[in-house]
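Fold and geometry: a report
What follows is each chain in one-letter form.
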Amino acid sequence: MRRVTYSMSISLDGYIVGPDGGFDWTVPEDEAFRFWIEEIRGVGVHLLGRRLYETMLYWETADQDPSLDDDGREWIGLWNPLPKVVFSRTLTEVQGHARLASGGLAEEIERLRAEPGEGDIAIGGATLAAEAAELGLIDEYQVMVYPVLVGGGIPYFARNERQVALELAETRRIGPRVVYLRYRVVR
């Protein structure tokens, strides 16, 4: 069965964006960007909330940027054809290889797990991940920890006061500043 993974960059104090909505501190250095390129190879479909979808729209036309480097072009070659499911109450259409979710999150994940195919079902965005966590649908948490304290904003983990047992599956230092942590949910 396909795993459901939640993977985002976070501040050391646990936020994916700061109190001002900014996340410029997550701009990946070369080694971190290479890491994300390799990680996306293992994804079969990506589930996104509206805000993350709109942020990632940049990549739909980034190949027209003459300053784009080889890593950026490689990312585009992997990201743009990747199937994406967008969860939004306000969008009426999406671009590229994305589609709007036709059902609830649990129904979409159940359908995707039943379909033939390889690669993880990746979730991006704290609100969508919080719903998946509440439903017990996340199999792995993958965190890229940046050495910055932002003091508030949108937390990586929902504050829903429930305990979930995790097992450390991997740790890795990425470049001179970033630590990657991967945890499996113990069932």
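Residues numbered from 1 in each chain as written. Predicted model: local features only at pLDDT ≥ 70, side-chain atom pairs only at ≥ 80, totals over all residues. Heavy atoms only, no water.

What to know about the overall build of the chain
Heads up, the rule is: Working definition: helices are DSSP H or I runs of at least four residues, strands are E runs of at least two. Numbering for both runs from the N terminus. Taken over C-alpha atoms, the radius of gyration is set against a globule rule of 2.2 Å times the number of residues to the power 0.38. Partly exposed residues are those whose accessible area sits between 20% and 50% of the maximum for their type, while under 20% is buried and over 50% is exposed, using a 1.4 Å probe and protein chains only. Residue contacts are counted whenever heavy atoms from the two residues lie within 4.5 Å of one another. Using the Shrake-Rupley algorithm and a 1.4 Å probe, accessible areas are obtained, with residue cover drawn only from the displayed protein chains. When charges are tallied, Lys and Arg are placed among the positive residues and Asp and Glu among the negative ones, while His and the ends of the chain are skipped. Charge coordinates come from a single atom per side chain, which is NZ of Lys, CZ of Arg, CG of Asp or CD of Glu.
Regarding its fold elements, the chain presents six helices and 10 strands. Relative to the compact-globule value of 16 Å for 187 residues, the chain shows a C-alpha radius of gyration of 16 Å, a close match. For the chain, buried positions account for 43% of its 187 residues. Long-range contacts, defined as pairs at least 24 residues apart, comprise 71% of the intrachain contacts of the chain with a sequence gap of at least 6. With an accessible surface of roughly 10200 Å², the chain has 52% of that area assigned to carbon and sulfur atoms. Across the chain, 20 positive and 30 negative side-chain charges occur, with their mean positions spaced 4 Å apart.

Brief notes about the pairing of strand 1 (residues 4–11)
Here is the rule we go by: Strand pairing is assigned whenever DSSP detects at least two bridges linking the two strands.
Within strand 1, eight of the eight residues are buried, leaving the element largely enclosed by the surrounding structure. Residues Val-4, Tyr-6, Met-8 and Ile-10 line one face of strand 1 and the alternating positions Thr-5, Ser-7, Ser-9 and Ser-11 line the opposite face, and both faces are buried. Where strand 1 lies against strand 6 (residues 120–124), three bridges are found, and the strand directions are parallel. Following the sheet pairing, Tyr-6 is matched in strand 6 by Ile-123. In this structure, strand 1 lies alongside strand 7 (residues 140–146), joined through seven bridges in parallel fashion. The residue bridging Ile-10 from the neighbouring strand is Val-145, located in strand 7.

A few points about the environment of Arg-162
What counts is decided by this rule: What qualifies as a polar contact is a pair of N or O atoms within 3.5 Å, subject to a donor-acceptor requirement within protein and to the restriction that residues adjacent in sequence count only when both atoms come from side chains.
Checked against the element boundaries, Arg-162 lands in the loop between strand 8 (154–155) and strand 9 (166–174). The sequence separation of Arg-162 and Glu-134 amounts to 28 residues, and the corresponding C-alpha distance is 8.6 Å. Within the local environment of Arg-162, its side chain forms a polar contact with the backbone oxygen of Ala-133, the two atoms lying 2.9 Å apart.

Regarding the pairing of strand 7
Strand 7 sits mainly inside the fold: seven of its seven residues count as buried. The side-chain alternation of strand 7 yields two buried faces, one formed by Glu-140, Gln-142, Met-144 and Tyr-146 and the other by Tyr-141, Val-143 and Val-145. Relative to strand 10 (residues 178–185), strand 7 is paired through six bridges, and the arrangement is antiparallel. Pairing of Val-143 across the sheet is with Leu-181, part of strand 10.

A word on the packing of helix 1 (residues 30–40) against helix 4 (residues 70–79)
How we decide: Between the N-to-C directions of two axes lies an angle of 0 to 180 degrees, each axis being a line fitted to C-alpha atoms and, for a helix, fitted only over the stretch in contact. Oblique is the label for any angle not covered by the other classes, which are roughly parallel (under 35 degrees), roughly antiparallel (over 145) and roughly perpendicular (65 to 115). In this scheme, a crossing is called left-handed if the near helix is turned counterclockwise away from the far one by less than a right angle; it is called right-handed if the turn is clockwise.
With their axes 10 Å apart at the nearest point, helix 1 and helix 4 run at an angle of 20 degrees to one another. With respect to helix 4, the element helix 1 is oriented roughly parallel. Judged by the twist between their axes, the crossing of helix 1 over helix 4 is left-handed. Counting all contacts with helix 1, which are made through Phe-33, Arg-34, Trp-36, Ile-37, Glu-38 and Ile-40, the residues of helix 4 involved are Asp-71, Gly-72, Glu-74, Trp-75, Leu-78 and Trp-79.

Brief notes about the pattern of salt bridges
One side chain can pair with another of opposite charge once the charged atoms of both are near each other. Worth spelling out the cut-off: Any carboxyl oxygen of Asp or Glu that lies within 4 Å of a side-chain nitrogen of Lys or Arg is treated as forming a salt bridge with it.
Inspection of the entire model under this criterion finds 19 salt bridges. Arg-111 is the partner of Glu-108 in a salt bridge, and the nearest nitrogen-oxygen pair spans 3.0 Å. In this pair, Glu-108 and Arg-111 are both assigned in helix 5 (residues 105–114), three residues apart and thus about one turn of the helix distant. Classification of Glu-108 as buried rests on a relative accessible area of 2%. Overall, Arg-111 belongs to the partly exposed group, its relative accessible area being 32%. It is possible to trace a salt-bridge network through shared partners that takes in Arg-3, Asp-120, Glu-140, Glu-167, Glu-170, Arg-172, Arg-182 and Arg-184.

Notes on the packing of aromatic side chains
Condition: Aromatic pairing here means that ring centres of Phe, Tyr or Trp (its six-membered ring) are within 6.5 Å. Orientation follows from the plane angle: under 30 degrees is stacked, over 60 is edge-to-face, and everything else is tilted.
Applying the stated rule across the entire model yields 13 aromatic pairs. Here the aromatic rings of Tyr-6 and Tyr-141 are separated by 6.2 Å at their centres, their planes lie at 70 degrees, and the arrangement is edge-to-face. Pair noted here: Tyr-6 is in strand 1 and Tyr-141 is in strand 7, with a separation of 135 residues, a long-range link. Just as Tyr-6 is buried, Tyr-141 falls in that class too.

Bear in mind that shape data such as this cannot, by itself, settle questions of function.
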